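Read off the chains here:
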2 protein chains.
Amino acid sequence: MASTLLSRQLTYILQHNLKFSLPRSRYVSQPANKTDVDVGFEGPLMKTEVPGPKSRDLMKKLNELQNIDAVSFFCDYEESRGNYLVDVDGNRMLDLYTQISSIPIGYNHPALVKVLQNPQNVSTFINRPALGCLPPENYVQKLSETLLSIAPKGLKQVQTMSCGSCSNENAFKAACIWYRNKERGHAIHTKEELESCMINQAPGSPDITILSFMGAFHGRTFGCLTATHSKAVHKLDIPAFDWPTAPFPTLKYPLEEFVRENAQEEERCLEEVEDLIVKFRKKGRNVAAIIIEPIQSEGGDNHASDDFFKKLRNVAKKHGCAFLCDEVQTGGGSTGKFWAHEHWGLDDPADIVTFSKKLLSGGYFYKDELRPDMPYRIFNTWLGDPSKNLMFSEVLNVINREKLLDNVIESGKVLLQGLKDLQVLYPHILNKARGKGTFCSIDAPNEAIRNQLVLKMRNKGIVLGGCGEKSIRFRPALVFKPHHAHLFLNAFNDILGAHK
Amino acid sequence: MASTLLSRQLTYILQHNLKFSLPRSRYVSQPANKTDVDVGFEGPLMKTEVPGPKSRDLMKKLNELQNIDAVSFFCDYEESRGNYLVDVDGNRMLDLYTQISSIPIGYNHPALVKVLQNPQNVSTFINRPALGCLPPENYVQKLSETLLSIAPKGLKQVQTMSCGSCSNENAFKAACIWYRNKERGHAIHTKEELESCMINQAPGSPDITILSFMGAFHGRTFGCLTATHSKAVHKLDIPAFDWPTAPFPTLKYPLEEFVRENAQEEERCLEEVEDLIVKFRKKGRNVAAIIIEPIQSEGGDNHASDDFFKKLRNVAKKHGCAFLCDEVQTGGGSTGKFWAHEHWGLDDPADIVTFSKKLLSGGYFYKDELRPDMPYRIFNTWLGDPSKNLMFSEVLNVINREKLLDNVIESGKVLLQGLKDLQVLYPHILNKARGKGTFCSIDAPNEAIRNQLVLKMRNKGIVLGGCGEKSIRFRPALVFKPHHAHLFLNAFNDILGAHK
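Predicted model only: the values in this text are computed from it and were never measured.

A. Spotlight on the overall build of chain A. Of the regular secondary structure elements, chain A holds 16 helices and 14 strands. Here chain A has a C-alpha radius of gyration of 24 Å; the compact-globule value for 500 residues is 23 Å, and the two agree. Oriented by its inertia axes, the alpha-carbon framework of chain A measures out at about 80 × 60 × 45 Å. In chain A, which comprises 500 residues, the share counted as buried stands at 66%.

See below:
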């Protein structure tokens, strides 16, 4: 299997202004390296087109039970290892998408196998408690060892939830409760409020709002979906609240080359945010919270400067809105810091930070002042899942033991530099290489070409995902090493060279 | 430990108009029976008040991280078995609340331990897939063996979700998509629709509504919460949609004694439902779906007749609304049928049935015509959890092997008859004994007395839950046997006899 470190050659060639001759296949004459001795795999291994015959057969069967248009192929998770996802037809693929960015330390990590095999853990997996009423003995200790050990700056309270959407929905609720308590001066709720909320009327069901950004993705339940503006297909036909939508900066890349223009664009968006807050306040629809992703992910990997986030945070403070940072996709280490918002370098970056995906279940951290004032206001039957937290505890051990954040930074450099090299070589196919850590992306000229590239790469043994209109997003696990980046870059170069 | 079959004596005494002398302790002179040889426990065993010192210490620690006002006590799940929940202070309690009705076959059932210990299952627990894109090889087979094997009549499609709220949110979405497609005559979406939905405006974000009932509980995320009307504390300060709320019949119990009055009350509510549909249609807010619980659970275990549900189902049909049946709490067998709506005996009972809790994760069954027409409209990262489905597969095996639905019917008879006997003995404390299977409840005169009874019972080794304003709800696991019902009834009789 091709697995030479071609992209280093590419870099060298480009740096020295050497002529690079295509097709790249000429440059892969060396025998394959043993790239993944730890998992016993030597790179991708393709046996059929993907989806292969077994996948297609299973898709036909699944189609009898539900819409399958989003299914890529069926997987053999038992055979998958580390960065390699194996499908039911025996195809072994290097996975740079990791179940929509939700696999932190690769497939079947031996440390997680041990968690499952430890007889002491059995009870946690088979007795799911109602955490809000009857928590298990080790609950506080496990929270301290896991979530609290990585709590974002300034946030000492934590609420667990089962998924990303529930995390954001409940973060919205916490912000609304906090905001209304502030508005009423922490006086006791009135009889009118208690009665009117039962029939969905103000003042009990208030006309307060959550401000979100065009291009944002915060989930697909009714509250979250109102704040989501990535694609019409997610929102069409679903009732939404009349909540303000601000423009997200449309920046020019590479960011460092367009500092002045980008700063102007960000200024324009910040002004619009303030205008919206004032406009909505005038129509009696106060903004209780602003929610934003540190990098708009589903919406197309849209970045903004640290300065933008700093100013936005101040706008929230100035207008008395809670500042919610949605780290469902960006959190967990793939930007090179555990939380992407840590890159901003602010003393007081957020009032609430939501998480899920790589953290295996969901939830949010929040400031003391956002703590609900009564029981059952933030509540549901399960409020997360201690078995997921038990596994996440081991994920954190692995991240620390294997120094995976350092690894992400190293691999991310190789990946991003390689993408930048490739966009120089193939300017008609690629542009806007961008990223932090391994949380990278690059754009194709349009959706059709992006989709073609993703499919061609899949048949070459590389799993990629799209985002936005025409971006390819890279979301490898934290165990993605520099040699995996080279392996991907080589394969990508092949595809790009042959692309017509 | 007191565990004689006193309630049988009670029944006998009452049936024969014998005088029953209090306090009941006189009647428990026999040595304790070995009530739970299968789990090695001889009934409850109390060592401290609940919460005991260890629980109180842990509550203090948890209080540093979150609001703990809803925490009852901390549990030792490893030591819990069958119907017995053990707390961290070593108190062993008979559990008739089962983690808010979410433990199907008791604690640490040996069959579930085996699922965990089977090396073939490890991969399913540690590699959580994005089910909508990359399902595991055995996905269709597992769905067929589990969820589809218990699919409600007429519903052949199934969508898995992670929790009850997500199940209802997505059921609402499926209904809205279906309704709007019907309205537009299945024509293609317009450019105006696609653009307007991105900024939460009609026609893309339509003003359609979901009709729900006063007293209903459908979850706590923004869409669900709008349809929830059980308690103000759940809804206060959270923005809500302007969706119609119909009255739920306020029936007189026992139902069989007030057939005529109750039928009138149900007729009144049905008329109001139709009036609301017409009224909302006139203001441009068509009702896309009606959602109802077969027994309003959180709202106070409110029942209605089969005839009411039959007529309501017809109202939905007549007005072109989807009919959603929320079986999150009622589903899973505790009414004596797997789905509570099966009791109605209708040929076409519902268009969508949602589930969670005892089914270990969540989701909904739906008719073919409610199948989404495009990918990603009903979607999220995980879409449930195959590891929960794997365990649920074994739960179903146990239900069949141990004939647990028959057991529920038998135990439910003992429980309900005992409750009826007790309300005759203590008419100043208890009334409205009601239920189906073990899904029973009884009312106290007010909230304060209800709460006192629940706490007193807890200190006697029986875990109960409240619902509504003043009801005690009984939600034992499906392995709750007649002798457990007697054990509970004896203890309850003690408490009631001593209640001042």
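B. Just the environment of T245 of chain A, in detail. Within the secondary structure, T245 of chain A sits in strand β5 (residues 245–246). A residue is classified by how much of its surface remains accessible, and T245 of chain A, at 17% relative accessible area, is buried. Residues T245 of chain A and E394 of chain A lie 149 residues apart in sequence; the distance between their C-alpha atoms is 39 Å. Every residue in contact with T245 of chain A, bar those within four places of it in the chain, is listed here: S212, F213, M214, H229 and L276 of chain A together with I199 and N200 of chain B.

C. Representation of the packing of aromatic side chains. All names here are of chain A. Throughout the structure, instances matching the rule amount to 46 aromatic pairs over all chains. Centre to centre, the rings of Y77 and Y107 are 6.1 Å apart; their planes meet at 45°, and the pair counts as tilted. With Y77 in the loop between α2 (53–62) and β1 (84–86) and Y107 in the loop between α3 (98–101) and α4 (110–117), this pair connects stretches of sequence that are 30 residues apart. For the pair shown, Y77 and Y107 are each scored as buried.

D. Quick look at the sheet that holds strand β5 (residues 245–246) of chain B. Residue and element names in this part refer to chain B. One open sheet accounts for seven strands, arranged β3-β9-β8-β7-β6-β4-β5; its pairing is mixed. The open sheet has two edge strands with one neighbour each: β3 (157–161) and β5. The pairing of strand β7 (residues 322–326) with strand β8 (residues 352–355) spans three bridges and is parallel. Counted as the bridge partner of D326 is T354 from β8.

E. View of the side chain of T438 of chain A. Residue and element names in this part refer to chain A. Looking at the element boundaries, T438 is found in the loop between β10 (431–436) and β11 (439–443). Accessibility expressed as a relative area gives 1% for T438, which makes it buried. In this view, T438 contacts S334, V408, S411, G412, L415, F474, P476 and F480; residues no more than four positions away in its chain are not counted.

F. Spotlight on helix α7 (residues 164–183) of chain A. All names here are of chain A. Taking 1.5 Å of rise per residue, the 20 residues of α7 would be expected to cover 28 Å, and the 28 Å separating its terminal C-alpha atoms lies within 8% of that figure. Counting buried positions over the 20 residues of α7 gives 18, a clear majority of the element. Positioned one or two residues after α7, G185 has a phi angle of 65°, which is positive.

G. Geometry of the relation of the copies chain A and chain B. Overlaying chain A on chain B yields an RMSD of 0.0 Å, the required transformation being a rotation through 180° with an accompanying axial translation of 0.0 Å. Both copies of the chain, as the preceding transformation shows, are related through a two-fold rotation axis. Scanning chain A for the C-alpha nearest the rotation axis identifies F222 of chain A, at a separation of 2.8 Å. When the interface residues of chain A are mapped onto chain B, 100% of them again fall at the interface, so both copies present the same face.

H. Inspection of the packing of helix α4 (residues 110–117) of chain B against helix α13 (residues 386–401) of chain B at higher detail. Residues and elements named next belong to chain B. One way to put it is that α4 packs onto α13 with a least axis distance of 9 Å and a crossing angle of 150°. Considering how the two elements wind past one another, α4 and α13 form a crossing that is right-handed. On α13, the residues that touch A111, L112, V115 and L116 of α4 are L390, M391, E394, V395, V398 and R401. Residue composition of the contact of α4 with α13, grouped by class: eight nonpolar, no polar and two charged.

I. Region of interest: the pairing of β11 of chain A. Residue and element names in this part refer to chain A. Burial of β11 is extensive: five of the five residues sit out of reach of the surface. Because side chains alternate across β11, one face comprises the buried residues F439, S441 and D443, and the other comprises C440 and I442, equally buried. In terms of strand pairing, β10 meets β11 through four bridges, oriented antiparallel. Bridging across to β11, N431 finds its partner in D443. Where β10 hands over to β11, the hairpin turn is made up of two residues, of which G437 adopts a positive phi near 60°. Sheet topology places β11 next to strand β14 (residues 471–474); four bridges connect them, and they run antiparallel. Residue pairing across strands places S441 opposite R473, the latter belonging to β14.

J. Region of the structure containing the sheet that holds β1 of chain A. Residue and element names in this part refer to chain A. Reading across from one edge, β1-β2-β12 is the order of the three strands in this open sheet, with mixed pairing throughout. The open sheet has two free edges, formed respectively by β1 and β12 (462–463), since each of these has just one partner strand. When β1 meets strand β2 (residues 92–95), the two strands line up antiparallel, connected through three bridges. Bridge pairing in β2 places V86 opposite R92.

K. Main features of the interface of chain A and chain B. On the side of chain B, 120 residues touch chain A, which itself brings 120 residues to the contact. In this assembly, chain A packs against chain B so that about 10,700 Å² is buried in total across both faces, 62% of it on carbon and sulfur atoms. Here chain A is connected to chain B by eight salt bridges. Here R180 of chain A ties to D237 of chain B by a salt bridge, and the two come within 3.9 Å at their closest N and O atoms. Our enumeration of links across chain A and chain B arrives at 58 residue pairs in polar contact (both at pLDDT 80 or more). Broken down by element, the residue count for the side of chain A that touches chain B peaks at eight residues, all from α7 of chain A. Partitioned by chemical class, the residues of the side of chain A that touches chain B number 63 nonpolar, 33 polar and 24 charged.

L. Structural context of the pattern of salt bridges. Applying the stated rule across the entire model yields 64 salt bridges over all chains. Among the charged side chains, a network of salt bridges with common partners joins R180, E183, R184, E193, D373 and R377 of chain A together with D237 of chain B.

M. Representation of the confidence of the model for chain A in the model. All names here are of chain A. Across chain A, the average pLDDT comes to 93, with 92% of residues at 70 or higher. The low-confidence segment residues 1–34, where pLDDT is below 50, has 55 contacts with residues more than four positions distant or belonging to other chains. In the predicted assembly, ipTM is 0.93 and pTM is 0.94.

N. Spatial organisation of the domain arrangement of chain A. Residue and element names in this part refer to chain A. Domain boundaries assigned for chain A yield domain 1 (75–108) and domain 2 (120–400). Averaged C-alpha coordinates put domain 1 and domain 2 at centres separated by 29 Å. Buried surface at the junction of domain 1 and domain 2, both sides included, amounts to about 630 Å², of which 65% is carbon and sulfur. On the domain 1 side of the contact with domain 2, S101, P104 and I105 bury the most area, a combined 69% of that side's loss. Run the count over domain 1 and domain 2 and you get zero salt bridges.

O. Region of interest: the pairing of β3 of chain B. Here β3 of chain B lies mainly inside the structure; five of its five residues are buried. Every second residue of β3 of chain B is oriented toward a common face, with Q157, Q159 and M161 of chain B on one face and V158 and T160 of chain B on the other, all of them buried.

P. Highlighting the packing of helix α11 (residues 259–282) of chain A against helix α12 (residues 306–318) of chain A. Residues and elements named next belong to chain A. Closest axis-to-axis distance for the α11/α12 pair is 10 Å, and the angle between their directions is 15°. By the angle between their directions, the pair α11 and α12 is classed as roughly parallel. Here α11 and α12 pass one another in a crossing that is right-handed. Contacts between α11 and α12 pair E266, E267, C269, L270, V273, E274 and I277 from the former with F308, K311, L312, V315 and K318 from the latter. The residue inventory of the contact of α11 with α12, partitioned by class, reads seven nonpolar, no polar and five charged.

The rules behind each value
- Residues numbered from 1 in each chain as written.
- Chains lettered and ligands numbered in written order.
- Predicted model: local features only at pLDDT ≥ 70, side-chain atom pairs only at ≥ 80, totals over all residues.
- Heavy atoms only, no water.
- Helix = DSSP H or I, 4+ residues; strand = E, 2+ residues; numbered from the N terminus.
- Rg over C-alpha atoms; globule rule 2.2 N^0.38 Å.
- Buried < 20%, exposed > 50% of the residue type's maximum accessible area, 1.4 Å probe, protein only.
- Contact = heavy atoms within 4.5 Å.
- Phe/Tyr/Trp six-rings, centres within 6.5 Å; stacked < 30°, edge-to-face > 60°.
- Pairing = 2+ DSSP bridges.
- Expected span 1.5 Å × (residues − 1).
- Least-squares fit on C-alpha atoms with pLDDT ≥ 70 in both.
- Axes fitted to C-alpha atoms, helices over the stretch in contact; angles between N-to-C directions.
- Left-handed = near helix turned anticlockwise from the far one by under 90°.
- Nonpolar A, V, L, I, M, F, W, Y, C, P; charged D, E, K, R; others polar.
- Buried area = accessible area lost by both parts, 1.4 Å probe.
- Salt bridge = Lys/Arg side-chain N within 4 Å of Asp/Glu carboxyl O.
- Polar contact = N/O pair within 3.5 Å; in protein donor to acceptor, adjacent residues only side chain to side chain.
- pLDDT = per-residue confidence, 0-100.
- Domains from an automatic or database assignment.
- Parallel < 35°, antiparallel > 145°, perpendicular 65-115°, else oblique.

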